[in-house]
Amino acid sequence: MDFRTDILAHRDRLYRLALSILGDSAEAEDVVQDVMLKAWERREEWGAVEKPLAWLAQMTKNAALDKLKKAHHQPLPEEGSAQWHNPSLVTTPHHSEGIGLITRLISELPPPLDDLVRLRDIEGFSYAEIADKLLLTEDQVRVYLHRARTKIKEKYVKMQKYGL
Amino acid sequence: MDYKYIEQLIDSYFEGTTSLEEEHILREFFAQENVPEHLLEWQSLFRSEKELANAHLDERFDERLLSLTGEAHVRALPIPLRTRLRPLLRVAAFIAFAVVIGTAVEQSVSPQGEAPANQMAVQDELDADETTALDIRSAELQNDSVSIN
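Quantities reported herein were computed from a predicted structural model and do not represent experimental measurements.

Would you mind going over the interface of chain B and chain A with me for this structure?
One frequent convention defines the size of an interface as the accessible area lost when the parts assemble. Residue-level contacts link 35 residues of chain B with 38 residues of chain A. Both faces combined, the contact of chain B with chain A buries some 3400 Å², and carbon together with sulfur accounts for 60% of it. On the chain B side of the interface with chain A, the three residues burying the most area are Phe14, Leu52 and Leu57 of chain B, jointly 20% of the side's total. Counting across the interface, chain B meets chain A through five salt bridges. Salt-bridge contacts for arginine 11 of chain A lead to aspartate 62 of chain B; the nearest nitrogen and oxygen are separated by 2.8 Å.

Structure follows, in structure tokens:
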């Protein structure tokens, strides 16, 4: 395995994965950087890694979910602090509204439907490729995709109509 | 303009039966500005998907990572052929030196070493011949002296 061809080459896919979870470009970039540095530190294990992208994607997903969890547990601004007087100073994701929409819709899907939509609608993989990556049959992929998009449609229509 | 084809594609999309190419057509259709009003409700969804699908990091990210891992320096210094072959050249030089020394030692030892056995044999032969000749000559001289007396 080589750092440039087997790790750095996947930067955009990992970035989009992190972005689809966090909805924030700067946070997503930090996650990908941390994951790649961790992969570099663990270079003695590279010989045992059969699928570098799957290995890196799992690390990225875990790191992004950890970051999201920590962000949800951030304490409220202290009374009298600058943030308390001006809530807009509290750190908020600085992604565009467009990415925020699909990020939110995907984040509300249960596994493995979330990963399935990421692989199909964001990365453009075929049913066969998705089946291979998620250890499913192609028929299962079709059924799950139908289920995922039905949920996305319901949620999207509610958001459009009621702003939910 | 008839948008039946697009409407069918939208239905197929939510049923999960569209091909990758058909999904691409939908995203390109909604990326344009002149989307008919009755289809506008789906525009944000397909634009959002397209925006995320096109998100990427730039070269500065690579440079930062390579500098943090030190890979940039390793890659920036190509190893010249002479340096790569240096160990091999050292071994070759040692072998050549050993051969030269070995040959020189062999040549300097040979004249007093193996050769004497042969040379001594020849010398013995010559000595033996000389003795015989002397004996014959001595006998001849003795005969001559008897005949004189």
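There's plenty left to go through after this.
Would you explain the pattern of salt bridges in this entry?
Once the charged atoms of two side chains with opposite charge are near each other, the side chains can pair. Within this structure, the stated rule accounts for 22 salt bridges over all chains. Between arginine 149 of chain A and aspartate 121 of chain A there is a salt bridge; the shortest N-O distance is 2.6 Å. With arginine 149 of chain A in helix α9 (residues 138–162) and aspartate 121 of chain A in helix α7 (residues 113–122), this pair connects stretches of sequence that are 28 residues apart. With respect to burial, arginine 149 of chain A and aspartate 121 of chain A carry one shared label: buried. Taken together, the shared-partner salt bridges in this structure form one network comprising Arg120, Asp121 and Arg149 of chain A together with Glu23, Arg27 and Glu49 of chain B.

Please explain helix α2 (residues 20–31) of chain B as it appears in this structure.
Helical geometry: 3.6 residues make up each α-helical turn, so side chains three or four residues apart lie on a common side. Spanning 12 residues, α2 of chain B covers 17 Å between terminal C-alpha atoms, matching the ideal 16 Å at 1.5 Å per step. Buried within α2 of chain B we find Glu23, Leu26, Arg27, Phe29 and Phe30 of chain B. Down the axis of α2 of chain B, the smallest arc covering the buried residues is 160 degrees, so these residues share one side. The elements touched by buried residues of α2 of chain B are α7 and α9 of chain A together with α1 (4–15) and α3 (43–53) of chain B.

Rules used in this analysis
Residues numbered from 1 in each chain as written. Chains lettered and ligands numbered in written order. Predicted model: local features only at pLDDT ≥ 70, side-chain atom pairs only at ≥ 80, totals over all residues. Heavy atoms only, no water. Contact = heavy atoms within 4.5 Å. Buried area = accessible area lost by both parts, 1.4 Å probe. Salt bridge = Lys/Arg side-chain N within 4 Å of Asp/Glu carboxyl O. Helix = DSSP H or I, 4+ residues; strand = E, 2+ residues; numbered from the N terminus. Buried < 20%, exposed > 50% of the residue type's maximum accessible area, 1.4 Å probe, protein only. Expected span 1.5 Å × (residues − 1). Arc of directions from axis to C-beta.

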